[in-house]
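Summary of structural features
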Amino acid sequence: MKLTSRSVSLVPIVSTVAAAALGASLILVANNTPANAATTLGAAAAQSGRYFGTAVAAGRMGDSTYIGILNREFDMVTAENEMKMDATEPSQGRFSYGNADRIVNHARNQGKRIRGHALAWHSQQPGWMQNMSGTALRNAMLNHITQVASYYRGKIYAWDVVNEAFADGNSGGRRDSNLQRTGNDWIEAAFRAARAADPGAKLCYNDYNTDDWSHAKTQGVYRMVQDFKARGVPIDCVGLQSHFNSQSPVPSNYQTTLQNFANLGVDVQITELDIEGSGSGQASNYDRVTRACLAVARCTGITVWGIRDTDSWRANGTPLLFDGGGNKKAAYTSVLNALNSAGPTTTTTTSTTTTTTSNGPGPGGCTASVSLNQWNEGFVATIKVTAGSAALRGWQVTTTLSNGTVTNSWSANRSGTNGTVNWTNVDYNGSVAAGQSTEFGFQGTGSGAGLDPTCTAS
């Protein structure tokens, strides 16, 4: 994300007729929201195995309204500026993680996952790096990636490894930058370094103005990802920032763009969503974006770039889901309803079952129960661990996956992906007071039926 405005998109403004049709779709969503619908964005997204996140600024974490909305609504967190190059390595070889740690630790303590943003970028480089070039710059970049990704190893769901490396306009080529001038393979080198430093995280390429499938910039990024996949360069996801306004509206082929990237065998994530506007028009556009993601199986989540309008880098355009007072806007309702309805083109069905299994009562004992959301292609399981008559200092849960495979997980360490899978606490949720509970979760393909969790105190 830049701190300046984007260049003007070539996409035509959405017509009045289209806007009217979108408004009609909003009414349909409201009327078809299930009676047992989730009441927060994160919970609603999780029903289809997705996340709904937000960008967080450390300087606002003392604001009770801000932190209250964050804790309640979102299950994925991105540091707005605190993990960028200038913040984490202010002088060469001296790394500073204080503000980033504040965000990461809060998210983990709340059971939320984290997107790391961003390891390599031509902008917001520290002054010492701006003055470098050639081999010295390449080595400094790779060391930065290695040090930062290693420091957060195992704590990050996905890294924006490289940010905004393609040029605007009609060339479809790379942006001229000091990093690009170190050699055309710099992006590949960055991804390989990130994989070595944090092998469990998803590795993403992130950019703006890549929403319209017909644009040269979109095609340039597509060709790079296609090449990387063909040659075995480690790339797991593509991030579309998706900053929209009247000059750069939601394109009519937005879902096509998401699907075409997904067809390359990578996940697609909407990483910095904000849509300027107000009222039903803004709500309709948020509805369109959300439903486009829901219609693409490998669109794994949405992150809005800020919480309240007044927190936004585009505050004058009131582009977010909450107003300056922290009140839910019409856009919030449209997103929540869309997530709860699972989208008009989604053919999957969702069922929820709950099973509780105990390893027996007594001091140090614990029980485990599972809440399972199953659809045609996969599932999300949330496991609740409850302490018995004595506090837990640590725990292990065993699950059985006879016809499914774990694809990602959070708030627990995992051994295995199918069959008998063992889970142990992470550092922040091993201590559980007597009679109290903690949770972890995982997503998988296939069937999650018959998980039959058992818990053992450790």
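What you are looking at is a predicted structure, and each value in this text was computed from that prediction instead of being measured.

Brief notes about the overall build of the chain
Check the secondary structure of the chain and you find twelve helices and 18 strands. Burial status across the chain gives 55% buried among its 458 residues. Pairs at least 24 apart in sequence give 74% of the contacts found in the chain among residues at least 6 apart.

Remarks on the UniProt feature "active site" (unreviewed entry) in the chain
Feature annotation in UniProt places "active site" (unreviewed entry) on Glu272, given in this structure's numbering. Tracing the sequence through the fold places glutamate 272 in strand 8 (residues 267-275). Looking at glutamate 272, the relative accessible area reads 0%, which means it is buried. Polar side-chain contacts of glutamate 272 include one of 3.2 Å to the side chain of asparagine 206.

Some remarks on the state of the cysteines
Here a disulfide denotes a covalent bond joining the sulfur atom of one cysteine to the sulfur atom of another. The final tally for this structure, using the stated rule, is three disulfides. The disulfide partner of cysteine 204 is cysteine 237, and the gap between their sulfur atoms is 1.9 Å. The chirality of the disulfide connecting cysteine 204 with cysteine 237 is left-handed, given an S-S dihedral of about -80°. Taken together, the positions of cysteine 204 in strand 5 (residues 202-207) and cysteine 237 in strand 6 (residues 237-240) put the pair 33 residues apart, joining distant regions of the chain.

Quick notes on the confidence of the model for the chain
Confidence in the prediction of the chain, expressed as mean pLDDT, is 87, and 86% of residues score 70 or more. Within the model, the stretch residues 2-31 combines pLDDT values under 50 with 53 contacts to residues more than four positions away or in other chains.

Points about the pattern of salt bridges
Pairing between side chains becomes possible if they bear opposite charge and their charged atoms approach one another. If you walk through the whole model with that rule in mind, you get 20 salt bridges. For arginine 308, the salt bridge identified is with aspartate 311, shortest N-O distance 2.9 Å. For arginine 308, a relative accessible area of 7% puts it in the buried group. When its relative accessible area of 5% is taken as the criterion, aspartate 311 is described as buried. Several salt bridges share partner residues, and in doing so they unite Arg60, Asp63, Glu80, Arg308 and Asp311 into one network.

Quick notes on the nonpolar core
Residues Phe52, Trp159, Val162, Phe191 and Leu321 are the most contacted members of the largest nonpolar core, which totals 92 residues. Counting residues in hydrophobic clusters, the runner-up holds 22 residues, among them Ile383, Ala412, Val421 and Leu451.

Focus: helix 3 (residues 64-73)
Where helix 3 is concerned, the buried positions are Tyr66, Ile67, Ile69, Leu70 and Glu73. Each buried residue of helix 3 lies within a common arc of 160° when the element is viewed along its axis, so the set occupies one face. Its buried side turned inward, helix 3 meets helix 2 (41-46), strand 1 (51-56), strand 2 (76-79), helix 5 (98-109) and helix 12 (330-341). You can read the cap of helix 3 off the contacts: a side-chain oxygen lies 3.0 Å from the backbone nitrogen of threonine 65, and it is on aspartate 63.

Remarks on the packing of aromatic side chains
By convention here, two paired aromatic rings are described through the distance between centres and the angle between planes. Counting across every chain of the model gives 17 aromatic pairs. Considering the side-chain rings of phenylalanine 95 and tyrosine 97, the 6.2 Å spacing of their centres and the 10° angle between planes classify their relative orientation as stacked. Residue classification places phenylalanine 95 among the partly exposed positions, given a relative accessible area of 22%. Note on tyrosine 97: relative accessible area 12%, which makes it buried. The rings of Phe95, Tyr97, Tyr151, Tyr152 and Trp159 are connected pair by pair, giving a single aromatic cluster. Arginine 113 extends its terminal NZ or CZ atom over the ring of tyrosine 157, reaching a point 4.7 Å from the ring centre. Between the NZ or CZ atom of lysine 217 and the centre of the ring of tyrosine 208, over which it lies, the distance is 3.6 Å.

Cut-offs and rules
Residues numbered from 1 in each chain as written. Predicted model: local features only at pLDDT ≥ 70, side-chain atom pairs only at ≥ 80, totals over all residues. Heavy atoms only, no water. Helix = DSSP H or I, 4+ residues; strand = E, 2+ residues; numbered from the N terminus. Buried < 20%, exposed > 50% of the residue type's maximum accessible area, 1.4 Å probe, protein only. Contact = heavy atoms within 4.5 Å. UniProt positions renumbered as here; feature names shortened; annotations may be inferred. Polar contact = N/O pair within 3.5 Å; in protein donor to acceptor, adjacent residues only side chain to side chain. Disulfide = S-S within 2.5 Å. pLDDT = per-residue confidence, 0-100. Salt bridge = Lys/Arg side-chain N within 4 Å of Asp/Glu carboxyl O. Core = buried A, V, L, I, M, F, W, Y, C linked by side-chain atoms within 4.5 Å. Arc of directions from axis to C-beta. Phe/Tyr/Trp six-rings, centres within 6.5 Å; stacked < 30°, edge-to-face > 60°. Lys NZ or Arg CZ within 6 Å of the ring centre and 35° of its normal.

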